[in-house]
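Overview (structure and organization)
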2 protein chains.
Amino acid sequence: MSALKGDARLPRYQRLAEALRDEVVSRRWRAGEQIPSENVIAEQYGVAPGTARQALAQLVDEGLLERQHGRGTFVRRPSFDQSLFRFFRFSNEAGERVVPESRIVQREVMSAPSEVSRQLQLAEGAEVIFMNRLRLIDGVPILAEQIWLPAARFAPFMALDTAEIGPLLYPVYDSECGEVVARADESLTVEMVTPPYARILHVEENTPLIVIDRLARGFDGSPIEWRRSRGPAAQFKYQTEIR
Amino acid sequence: MSALKGDARLPRYQRLAEALRDEVVSRRWRAGEQIPSENVIAEQYGVAPGTARQALAQLVDEGLLERQHGRGTFVRRPSFDQSLFRFFRFSNEAGERVVPESRIVQREVMSAPSEVSRQLQLAEGAEVIFMNRLRLIDGVPILAEQIWLPAARFAPFMALDTAEIGPLLYPVYDSECGEVVARADESLTVEMVTPPYARILHVEENTPLIVIDRLARGFDGSPIEWRRSRGPAAQFKYQTEIR
DNA sequence: GAGTGGTCTAGACCACTTC
DNA sequence: AAGTGGTCTAGACCACTCC
């Protein structure tokens, strides 16, 4: 039986949640894996089963765990790499909704521009991996992405063949570099297209673009990747429910 | 002690939640009011206190109730009338963030345009109240709203002096017409400004606008109001966290 | 001090999945 | 049948608010 750590004035279920969260964050419990049952956890940490339930419920709420009745409790696989497409409606020539292909057109190590070093919390001019990536449907570019990674933590990534990397980057970050993206902050704005992007995205001058900035973070909130994506505003539609 | 209604195969806490939800929806419990304590509810419905807690927790989660430690449980006041400003950054001449004034520049009863009757689930050409409203800062228009209401349910609204109506409409719908807005579906798109809006919003030709469509609904999901708001895309910034 | 919600216990029984 | 999570009970004690 392990003792609960942390401030003893905090509720037990919160201290237990913190302990379990650490199992996930430290990757002792891997994505997709089953974790011990609530009774086992309760016994291990010396709390009542109801208290263990409460801790588990909190972690489900945070999106760290998933519970399946009769099967068990599992570490959730984060998977929002495709989630840019919440903001756009793209369809192919046949009118079907499709997931665009990905093409990395540039990848190099460079000194971080000031905004990038600020976002990634790196020293001014620290080394970063920069990528230029296109998303295409039927071979036509419809989204342009600039992606920056801290070079220090992503050295293995540079060894990969860019042509071999699929459309989902985050699973690659996980498997190759041990960096797990758990959440992200996004910010949307509108700008008028500049000549280079007009050429890349096959749009006229004077058309508006949606610009999506995303700072991807690990479980502990530390910045992992910063990207800026641009797509034609005509394709943009965002739906949400408020209350 | 009241018996729990509904399908007996459903969990008790869900049937209890349904019963309590009905108290709010039917306005027997009014916005802001304190409701009975969990022990009283548990006794009234013949369930254990823990089961009552579970039902209350669900309604808090749904946004219907609020609990305050040591004070009691209260019916939440829905208040997202100002929430358009999640999407825009507006400041006055002094650079401070401010809540814009409101001016109803037109209000009349008309036959519903087809999209409006579709959204509000009315018969084709049913009578609706139409309003043109401006939001201004330092007297300068920065947001133009078109608002439609089903005339049948909002007759008392037409009797009000438009100059007396403040910036928040939903509390007025509630107090004057007994219509409570509980949630809303919003949809954002981008369009190029048309000459009338260029004049109203004091922007150049060829600037993009953000268009926000909002369908406001009651507790039971029935449509109450449909509005379309337009503002300059340059002022637009939407931030969100995903996971 | 009385009343409220928040935490915690130690069970029982049920529903679902897997073997 | 065994193991899992989901529901439910009947309490105890604590922390907070209000009078």
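Since the model is a prediction, treat every value here as computed from it, not as a measurement. (Residues numbered from 1 in each chain as written. Chains lettered and ligands numbered in written order. Predicted model: local features only at pLDDT ≥ 70, side-chain atom pairs only at ≥ 80, totals over all residues. Heavy atoms only, no water.)

A few points about the protein's contact with DNA strand C
Taken together, 19 residues surround DNA strand C, and among them Arg-12, Ala-48, Thr-51 and Arg-71 of chain A together with Thr-73 of chain B come closest. When the atoms of DNA strand C within 4 Å of the protein are grouped by moiety, sugar and phosphate amount to 79% of the total. Thr-51 of chain A places a side-chain nitrogen or oxygen 2.4 Å from a phosphate oxygen of DNA strand C. Within the side chain of His-69 of chain A, a nitrogen or oxygen atom sits 2.9 Å from a base nitrogen of DNA strand C. Of all elements in the fold, only helix H1 (12-25) and helix H3 (49-62) of chain A together with strand E2 (65-68) and strand E3 (72-75) of chain B reach the threshold of two or more residues within the surface near DNA strand C. Counted by class, the surface near DNA strand C contains four nonpolar, 10 polar and five charged residues. (Near = heavy atom within 4 Å. Polar contact = N/O pair within 3.5 Å; in protein donor to acceptor, adjacent residues only side chain to side chain. Helix = DSSP H or I, 4+ residues; strand = E, 2+ residues; numbered from the N terminus. Nonpolar A, V, L, I, M, F, W, Y, C, P; charged D, E, K, R; others polar.)

Brief notes about the packing of aromatic side chains
Taken as a whole and assessed by the stated rule, the structure comprises 20 aromatic pairs over all chains. Ring centres of Phe-87 of chain B and Tyr-238 of chain B lie 5.1 Å apart, and the angle between their planes is 55 degrees; on these two criteria the pair is classed as tilted. In this pair, Phe-87 of chain B sits in the loop between E3 and strand E4 (101-111) while Tyr-238 of chain B sits in strand E10 (residues 238-242), placing the two residues 151 residues apart along the sequence. Here the two residues Phe-87 of chain B and Tyr-238 of chain B agree in accessibility, since each one is buried. Here the aromatic residues Phe-87 and Tyr-238 of chain A together with Phe-85, Phe-87, Phe-88, Phe-90, Phe-236 and Tyr-238 of chain B are joined through ring pairs into a cluster of three or more. (Phe/Tyr/Trp six-rings, centres within 6.5 Å; stacked < 30°, edge-to-face > 60°. Buried < 20%, exposed > 50% of the residue type's maximum accessible area, 1.4 Å probe, protein only.)

Some points on the domain arrangement of chain A
Residues and elements named next belong to chain A. Segmentation of chain A into domains returns domain 1 (12-75) and domain 2 (83-235). Relative placement of domain 1 and domain 2: their C-alpha centres are 33 Å apart. On the side of domain 2, four residues touch domain 1, which itself brings four residues to the contact. At the boundary of domain 1 and domain 2, one finds one salt bridge. Across the salt bridge formed by Arg-27 and Asp-174, the nearest N and O atoms sit 2.5 Å from each other. Here domain 1 and domain 2 share one residue pair in polar contact (both at pLDDT 80 or more) between them. Residues that form the side of domain 1 that touches domain 2 fall into these classes: three nonpolar, no polar and one charged. (Domains from an automatic or database assignment. Contact = heavy atoms within 4.5 Å. Salt bridge = Lys/Arg side-chain N within 4 Å of Asp/Glu carboxyl O.)

Re the sheet that holds strand E8 (residues 208-217) of chain B
Taken in spatial order, the seven strands of this open sheet run E10(A)-E7(B)-E8(B)-E9(B)-E6(B)-E5(B)-E4(B), and their pairing is antiparallel. Two strands lie at the open edges of the sheet, namely strand E10 (238-242) of chain A together with E4 of chain B, each paired on one side alone. Neighbour-to-neighbour, the strand axes of this sheet turn through a mean angle of 20 degrees, independent of strand direction. Two strands pair when backbone bridges link them, and E4 of chain B and strand E5 (residues 127-137) of chain B are joined in this way by 10 bridges, in the antiparallel orientation. Bridging from a neighbouring strand, Glu-108 of chain B pairs with Phe-130 of chain B of E5 of chain B. (Pairing = 2+ DSSP bridges. Axes fitted to C-alpha atoms, helices over the stretch in contact; angles between N-to-C directions.)

Brief notes about the interface of chain A and chain B
Taken together, the contact between chain A and chain B spans 28 residues of the former and 28 residues of the latter. Carbon and sulfur atoms supply 60% of the area that chain A and chain B bury against each other, a total of about 2,500 Å² over both sides. Looking at the side of chain A facing chain B, the largest losses of area belong to Tyr-238, Ile-242 and Arg-243 of chain A, adding up to 26% of the total buried there. If you look at where chain A meets chain B, you find two salt bridges. A salt bridge links Glu-241 of chain B to Arg-183 of chain A, with the shortest nitrogen-to-oxygen separation between them at 3.0 Å. Across the contact surface, chain A and chain B share nine residue pairs in polar contact (both at pLDDT 80 or more). For the side of chain A that touches chain B, the elements supplying multiple residues, two or more each, are strand E7 (183-192), strand E8 (208-217) and E10 of chain A. (Buried area = accessible area lost by both parts, 1.4 Å probe.)

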